[in-house]
Amino acid sequence: MTASDQTTKTISLKDYGITHENIQYQLSPSQLQSITVENKMGTETANGTLAVHTGEFTGRSPMDRFIVEDTITKDKVWWGNINIPFSADTFDALHKKVIDYLNNKELFVRDCYACADPEYKLNIRVINEYPWSNMFAYNMFLRPTDNELENFTPEWTVINAPGFMADPSKDGTRQHNFAILNFTKKIALIGGTGYTGEIKKGIFSALNFILPVEKNTLPMHCSSNVGKDGDTAIFFGLSGTGKTTLSTDPNRELIGDDEHGWTSKNTVFNFEGGCYAKVINLSEEQEPEIYGAIKPGAILENVVLDDAKNVDFTNTSITQNTRVSYPIYHIDNIRRPSIGENVKNIFFLTADAFGVLPPISKLTPSQAAYHFISGYTAKVAGTEAGVVEPQPSFSACFGAPFMPLHPTEYADMLSKKMKESGVAVWLVNTGWTGGPYGIGTRMKLKYTRAMINAVLNGDLGLYSYDKYHIHSVFGVAQPRECPGVPTAVLSPRATWNNDQKYYTTAFKLTNAFRENFKKFESYASEEIRRGGPQRYGF
Ligand code: ATP
Ligand code: MN
């Protein structure tokens, strides 16, 4: 600790096996930023924002994410290559090694919590090797008041040791990095990776087990906001489909950008206290709220600075997954506390790089269940020469890597909630138009926003034949007109100018849907199966 002349607190970690006292407890973001900069672990940008490099890992590593198989998890978790089992004994041995490793390091500790609804509050103690990871925990988790800190009893512990390298031959890991959840010990053990997303998604995964199993509450990988009339909207979607971008809307109060619970009281609460936005190609003009949130207190990850320490958001030389974390109060229009009621609309966001799904369509309850279990988006080809084909990517519940239970358990809960609350469900393609990736272009953000606004304002009108057209391949209801959007954009086929190519590509996608759905067929009801595409290429 070198940050000068600021008061600091300490805490004993003897209960955790840490015997030294070189522990910085509950430092302020500015203290952590100073320490990071003084230790040359980060730099300050021209406007005073901290910028760090997360090291070898600039994204999560789903193949190195394990769950300890114990009496709590054994019969409940959907084991496989998403939820990889880890033995309790192997965990104990590795845990001890990590503690030994941390036992001669200065440590940064933060007490915080998840879940904005007091009934669900989960107290968390985060123990970090690095000061900037601890600042991330300040940004992303909920911040207890001084009063709450007085009698704080941590329930879960995140142990985060990016510099610790596992030995796969001895430690039971796949390689040197790992993120392991232990429900008996209530520990998320993270090592060998400095990617901060592992910290927030570790607790998210824990909640995705705890809430449905113990609290009859549906956890969701979604963003959420609320309108002036108190109507709540939910945006599901895989990474990069627009959850953070589209929920940050100056006309609606932001509830949260990534993780929420939908309770049996029909309320929606944020798990987190901050946002974690992608900043690739970020512009002040297109996304002024997120741009404005990048100020002291925020942490930029893996961006490149110019000589004047300005961020070049177009530079992806470190990674495409450049990020910023900031406490939610960096956004002006937020709901306090982060709880909404009266869920009216659900959006399934998908970045369809085949460019064949309509930019907006309305789903029937069967289609909603089908698309939720499918969780479709596309991965665009990397920057390697010659690779232009997009890849379909399916992730159940729009968040399979974080869902310990079988996807149909979440899907059944969602279906029930949708029926009870009478929500409208919309499929929004934030991906390509005018052709597939390589030929067409990404849907203009202002059009997507206009379509979402039209839904939220009720401008899309009642569902009726003269207002909607049933898509011949996907079976979804496509509005014929939408304020603020050129009519031609609403029909993907029309934007292609080549019907044959359009249908060939659409069938390629429906075939991929069918192939993916096979593994759920035996679990899915006739009603859900009916929600799939209407036509396939044989
Ligand atoms: P994650 O789960 O990884 O946080 P996310 O769903 O929150 O992902 P965003 O951070 O919102 O995704 O990323 C969407 C990206 O796509 C942003 O960089 C945004 O600028 C860009 N984008 C381009 N066109 C659109 C569009 N039409 N709608 C939404 N986002 C768009
Ligand atoms: Mn996001």
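Criteria and thresholds
Residues numbered from 1 in each chain as written. Chains lettered and ligands numbered in written order. Predicted model: local features only at pLDDT ≥ 70, side-chain atom pairs only at ≥ 80, totals over all residues. Heavy atoms only, no water. Buried < 20%, exposed > 50% of the residue type's maximum accessible area, 1.4 Å probe, protein only. Helix = DSSP H or I, 4+ residues; strand = E, 2+ residues; numbered from the N terminus. Pairing = 2+ DSSP bridges. Near = heavy atom within 4 Å. Polar contact = N/O pair within 3.5 Å; in protein donor to acceptor, adjacent residues only side chain to side chain. Areas by Shrake-Rupley, 256 points an atom, 1.4 Å probe, with all protein chains shown as cover. Nonpolar A, V, L, I, M, F, W, Y, C, P; charged D, E, K, R; others polar. UniProt positions renumbered as here; feature names shortened; annotations may be inferred. Contact = heavy atoms within 4.5 Å.

(A) Highlighting the pairing of strand β15 (residues 267-270). Both faces of β15 are covered, namely the face carrying Thr 267 and Phe 269 and the face carrying Val 268 and Asn 270. Note: strand β14 (residues 259-262) against β15, three bridges, orientation antiparallel. Within β15, the position partnered with Gly 261 by the bridge is Phe 269. Hairpin connection of β14 to β15: four residues between the antiparallel strands, including Asn 266 at a positive phi of 65°.

(B) Focus on the site of ligand 1. The environment of ligand 1 is made up of 21 residues, and the closest members are Ser 239, Lys 243, Thr 245, Glu 287 and Arg 323. Contacts to ligand 1 include Met 443, whose backbone N or O atom sits 3.0 Å from a nitrogen atom. In the complex, 90% of the free accessible area of ligand 1, which totals 650 Å², lies under the protein chains. Contributions of two or more residues to the shell around ligand 1 are made by α7 (243-247), β16 (274-278) and α11 (445-457). Element by element, the count of residues in the shell around ligand 1 is highest for α7, at three residues. The class makeup of the residues in the shell around ligand 1 is five nonpolar, nine polar and seven charged.

(C) Geometry of the UniProt feature "binding site: Mn(2+)" (unreviewed entry) in the protein. Here, the residues flagged by UniProt with the feature "binding site: Mn(2+)" (unreviewed entry) are Lys 201, His 221 and Asp 258. On the basis of their most widely separated C-alpha atoms, the annotated residues across 58 residues gather in one place, lying no more than 10.2 Å apart. One can find Lys 201 in helix α6 (residues 197-215). Contact partners of Lys 201, with chain neighbours within four places excluded, come to Arg 60, His 221, Asp 258, Glu 259 and Phe 402.

(D) Looking closely at unusual backbone geometry. Residue Pro 337 is reached from Arg 336 by a cis peptide bond, and omega for that bond is -15°. A positive phi angle, near 55°, is found at Lys 40, a position not held by glycine. For Lys 40, the position within the fold is in the loop between α1 (29-38) and β2 (43-44). Of the residues examined, Lys 40 reaches a relative accessible area of 75% and is grouped as exposed. One non-glycine residue, Asn 302, lies in positive phi territory at about 60°. As for its placement among the helices and strands, Asn 302 is situated in the loop between β17 (299-301) and β18 (304-305).

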